[in-house]
Amino acid sequence: MEKKPLPADDDKTEATESEIDRCLGEEGQQDSSEPAARAGWNSKIEYFLAQVGFSVGLGNVWRFPYLCHQNGGGAFLLLYVLLMLVVGIPLFFLELAAGQAIRQGSIGVWKYISPKLAGIGYSSCVVCFFVALYYNVILAWSLFYLGNSFQYPLPWEQCPKQDNITVKECEKSSATSYFWYRKALDITDSIDETGSFNTYIVCCLLAAWTIVCLGMFKGIKTSVKVMYFSSIFPYVVLFCFLVRGLMLDGALDGISYMFYPKLEIWGDIQVWRQAATQVFFALGLGFGSIIAYSSYNPKNNNCHRDAFTVSGINFLTSVLATLVVFAVLGFRAKQNITACVTSNLQKLDQLSSGLDKSLIPGFNFSDPESVTVEDYSAWFKQSGNRIPGNFTECNLEKEMQKGVEGTGLAFIAFTEAMSLLPGSPFWSALFFLMLLNLGLSTMFGTMEGILAPLTDRFKTLANNKTKLTIFSCIIGFIIGLLFTQRCGNYFVMMFDDYSATLPLIIVVVFETFSVSWLYGADRFLDDIEAMLGWRPHVIYKYLWKYICLLAMLGLLGATTIRMLITPPTYMSWNEETASEVKLEYPGWALAVLALLIIFAMMPVPVALIHAVLQDRTKQTARDTEIGQYSIVNTDDNCDTPMTDMSELDQRNGTPASLS
């Protein structure tokens, strides 16, 4: 069966569609998957803000800095750039071009290329829904902290007291950890203990979904107005934090630890896996949001330049966020290490009268402020272990590694650092308002990845898009109540780690294979040439057919093997010991994990089977009809439903195939 070319010429496409509609009547119009009037961006700036706002999210602030620090600093940056150039940008360009050429959401794009591939778009919608469920809970947490930032002192600056006695859980951990786990989450000891709903978080979740609903109320026309603020404001805050952070004591120590290159990590396959996964999620591949946003572009928009520009901004934002994070965390670590050294020197001063002279340091330990961290570390390595008493190492790098990923970074480490700054409520409010806006722009893109494909595919939904938006937000809030239980944080971790990773990788593998092999990379480049007026370099053909596809298959294999070999675990909070404990998921939770992955991927085989059965049914009906009736030629230009489509194409001057 010949493959249809992508609609490269508006005039010819409209002519063909008008003739088919005239001949087939209203029935043909009802079957059309694209609404008659499709929205568009008012300007290139709006589109740009939407794409950048979607791709730049919370992961740039709290995931990328952690990976950079843990995996070789500057060496990881080079590896990330390499994978972004040879895998990330080509796949990003592929999705941009497909959406812009076909002017449909993810379902319509892959159904247009082949009806058997429609399941790819439905899988993207399911994954977007899973992500939206827990992502908005993070916005609810940000709202909760934002509301608590307008008081002095901040509620997480000091441990609370009961009957003039410091709460033991807070005393054993820290004020910021106690506030996060006990006041914000009121968390249980494991996922098996559900607990009651957290009233404050429920209210914040309702507020978060209300904001998203109001922003998406009229589609991109309203969401883009919010993005003028939500996409730009985080950069203002990051630059403010960078300037303030560089003025802090210990900031340069933190930045030097981040950028110190460890080239030996290039030999670790897990580092390659983590770098590829970060590139994959940082650009938002597979969600369908990139396709949806680009589908509102005019046909002649330079999507090739957009792919490089958005990817470049995304990477530079990650580097900027990393500088900010480690400047502030360097200050926090220096403060904690200085306090650690002071405490140890005070104990040493009390024990000095009974110590051997060879163990006594050469510096003036009776004046802790005059002792540097380096001098103390040198003495501790030489004599610290031989002195009775509980002396600690006070290591700056180990202090930097505490709570620097995900929620641990945002709600524990960074909040602790901000509480040490003069005017801490101002910086705290600024930070959590930034997190809220970062998450909000990503949520708009995620919701567009759900709503646009469905409204493009089903005309009834397109005519009731406002109702669909409101209904989706209500359903999202109701299901999201699962995450507002006392054990809700464990479900957030479960969804974040497993509901999207594997399904999205599989989706992108199917996308790459269907375009480069089934539709044909040369044909796709022909369509892009007809759309842009110039032909992209032939290197894209080989990147799509071999490099990208093999890289995604390798990432799929590495991720699957890791999930099968390493039992899925999560970090729980033990109230008695006031510390994090790594636990394995119970059997029922593993079943939920499996169902999340299966449910996300189920549309792909289901759509394939449905299309095959539908083709067989149509073929049988066509054979029967041909046996009973003869084709009647008419003198006018209208064709019967039995007319061969290739003849209709030739009559209109359009080829049936671009091969």
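It should be emphasised that the depicted structure is a prediction, and the values quoted were computed from it without experimental measurement.

1. Focus: unusual backbone geometry
Step number 1: In this structure, the amide linkage connecting Tyr 152 to the following residue, Pro 153, adopts the cis form with an omega of -5 degrees.
Step number 2: One non-glycine residue with positive phi stands out, namely Arg 103, at about 55 degrees.
Step number 3: Turning to its location among the elements, Arg 103 is positioned in the loop between helix 6 (74-102) and helix 7 (106-113).
Step number 4: Of note in the backbone geometry, Asp 186 takes a positive phi value of approximately 45 degrees without being a glycine.

2. Digging into the side chain of Glu 95
Step number 1: Take Glu 95: it is sitting in helix 6.
Step number 2: By relative accessible area, which is 1% here, Glu 95 ends up buried.
Step number 3: Here the side chain of Glu 95 touches Gly 286 through a polar contact of 3.0 Å, landing on its backbone nitrogen.

3. Observations regarding a nonpolar patch on the surface
Step number 1: Together, Phe 513, Trp 517, Leu 518, Val 538, Tyr 542, Tyr 546, Ile 547, Leu 550 and Leu 553 make up an exposed nonpolar region whose accessible area comes to about 830 Å².
Step number 2: Breaking the nonpolar patch down by element, the ones donating at least two residues are helix 25 (501-532) and helix 26 (539-565).
Step number 3: With 5 residues, the top contributor of residues to the nonpolar patch is helix 26.
Step number 4: Positionally, Trp 517 belongs in helix 25.

4. A closer look at the pattern of salt bridges
Step number 1: Tallied over the entire structure, the rule returns 11 salt bridges.
Step number 2: Between Lys 116 and Asp 615 there is a salt bridge, with its nearest N and O atoms 3.3 Å apart. Of this pair, Lys 116 sits in the loop between helix 7 and helix 8 (118-148) while Asp 615 sits in helix 28 (residues 603-628); the two residues are 499 residues apart in sequence, bridging distant segments of the chain.
Step number 3: Taking relative accessible area as the criterion, Lys 116 reaches 30% and is therefore assigned partly exposed.
Step number 4: Overall, Asp 615 belongs to the partly exposed group, its relative accessible area being 36%.
Step number 5: The shortest N-O distance in the salt bridge between Glu 529 and Arg 535 comes to 3.1 Å.
Step number 6: A cluster of three or more residues bridged by salt bridges with shared partners is formed by Glu 169, Arg 182, Asp 186, Arg 486 and Glu 575.

5. Structural notes on the packing of aromatic side chains
Step number 1: Summed over the entire model, instances satisfying the criterion amount to 45 aromatic pairs.
Step number 2: A ring pair is formed by Tyr 145 and Trp 180, whose centres lie 6.1 Å apart and whose planes are at 50 degrees; its orientation type is tilted. Here Tyr 145, found in helix 8, pairs with Trp 180, found in helix 10 (residues 175-184); they are 35 residues apart in sequence, far enough to count as distant. The residues Tyr 145 and Trp 180 share a single accessibility class, namely buried.

6. Examining helix 8
Step number 1: An ideal rise of 1.5 Å per residue puts 45 Å on 31 residues; helix 8 measures up with 46 Å between its terminal C-alpha atoms.
Step number 2: Counting buried residues in helix 8 gives 28 out of 31 residues, a clear majority hidden from the surface.

7. Points about the environment of Thr 277
Step number 1: Topologically, Thr 277 is positioned in helix 15 (residues 269-282).
Step number 2: Once the C-alpha coordinates of Thr 277 and Ile 505 are considered, the two residues, 228 residues apart in sequence, prove to be 8.9 Å apart.

8. Focus on the pairing of strand 4 (residues 579-584)
Side chains on a regular strand alternate between the two faces of the sheet.
Step number 1: Sheet topology places strand 3 (residues 569-574) next to strand 4; 6 bridges connect them, and they run antiparallel. Within strand 4, the residue paired with Ser 572 across the bridge is Val 581.
Step number 2: Between the end of strand 3 and the start of strand 4, which pair antiparallel, lie 4 residues, with Ala 578 showing a positive phi angle near 55 degrees.

9. Some remarks on the side chain of Thr 455
Step number 1: Topologically, Thr 455 is positioned in helix 21 (residues 424-457).
Step number 2: The exposure class assigned to Thr 455 is buried, which follows from its relative accessible area of 4%.
Step number 3: Within polar-contact distance, the side chain of Thr 455 engages the backbone oxygen of Leu 451 at 2.8 Å.
Step number 4: Engagement of the side chain of Thr 455 in a polar contact is seen with the backbone oxygen of Ala 452, the distance being 3.1 Å.

10. Quick look at the UniProt feature "binding site: Na(+)" (unreviewed entry) in the chain
Step number 1: Those places that UniProt annotates as "binding site: Na(+)" (unreviewed entry) correspond, in this numbering, to Gly 53, Val 56, Asn 60, Asn 314 and Leu 438. A maximum C-alpha distance of 12.4 Å is found for the annotated residues, which run over 386 residues; spatially they form one tight group.
Step number 2: Within the secondary structure layout, Gly 53 lies in helix 3 (residues 44-55).
Step number 3: Assignment of secondary structure puts Asn 314 in helix 17 (residues 303-351).
Step number 4: Given a relative accessible area of 0%, Asn 314 falls into the buried group.
Step number 5: Here Asn 314 is in contact with Ser 55, Val 56, Asn 60, Tyr 80, Ala 282 and Leu 283, once residues within four sequence places are set aside.
Step number 6: At 3.0 Å, the side chain of Asn 314 forms a polar contact with the backbone oxygen of Ser 55.

11. Some remarks on the environment of Gly 99
Step number 1: Counting through the fold element by element, Gly 99 comes out in helix 6.
Step number 2: On the basis of relative accessibility, which here comes to 0%, the residue Gly 99 falls in the buried class.
Step number 3: Spatially, the C-alpha atom of Gly 99 lies 6.6 Å from that of Val 109, the residues being 10 residues apart in sequence.
Step number 4: Beyond its immediate sequence surroundings of up to four residues, Gly 99 is in contact with Gln 104, Val 109, Ile 291, Ser 294 and Ser 295.

12. Some details on helix 25
Step number 1: Between its terminal C-alpha atoms helix 25 stretches only 33 Å, short of the 46 Å expected from 32 residues at 1.5 Å a residue.
Step number 2: Roughly 100 degrees is the biggest bend found in helix 25, and it falls at Gly 520.
Step number 3: Most of helix 25 is tucked away: 24 of the 32 residues are buried.
Step number 4: Phi turns positive one or two residues past the end of helix 25, at Gly 533, with a value near 90 degrees.

Reading guide: rules and limits
- Residues numbered from 1 in each chain as written.
- Predicted model: local features only at pLDDT ≥ 70, side-chain atom pairs only at ≥ 80, totals over all residues.
- Heavy atoms only, no water.
- Helix = DSSP H or I, 4+ residues; strand = E, 2+ residues; numbered from the N terminus.
- Buried < 20%, exposed > 50% of the residue type's maximum accessible area, 1.4 Å probe, protein only.
- Polar contact = N/O pair within 3.5 Å; in protein donor to acceptor, adjacent residues only side chain to side chain.
- Patch = residues over 30% accessible without salt bridge, like charges linked within 9 Å, V, L, I, M, F, W, Y side chains within 5 Å.
- Areas by Shrake-Rupley, 256 points an atom, 1.4 Å probe, with all protein chains shown as cover.
- Salt bridge = Lys/Arg side-chain N within 4 Å of Asp/Glu carboxyl O.
- Phe/Tyr/Trp six-rings, centres within 6.5 Å; stacked < 30°, edge-to-face > 60°.
- Expected span 1.5 Å × (residues − 1).
- Pairing = 2+ DSSP bridges.
- UniProt positions renumbered as here; feature names shortened; annotations may be inferred.
- Contact = heavy atoms within 4.5 Å.
- Bend = angle between axes of the 7 residues up to and from the residue.

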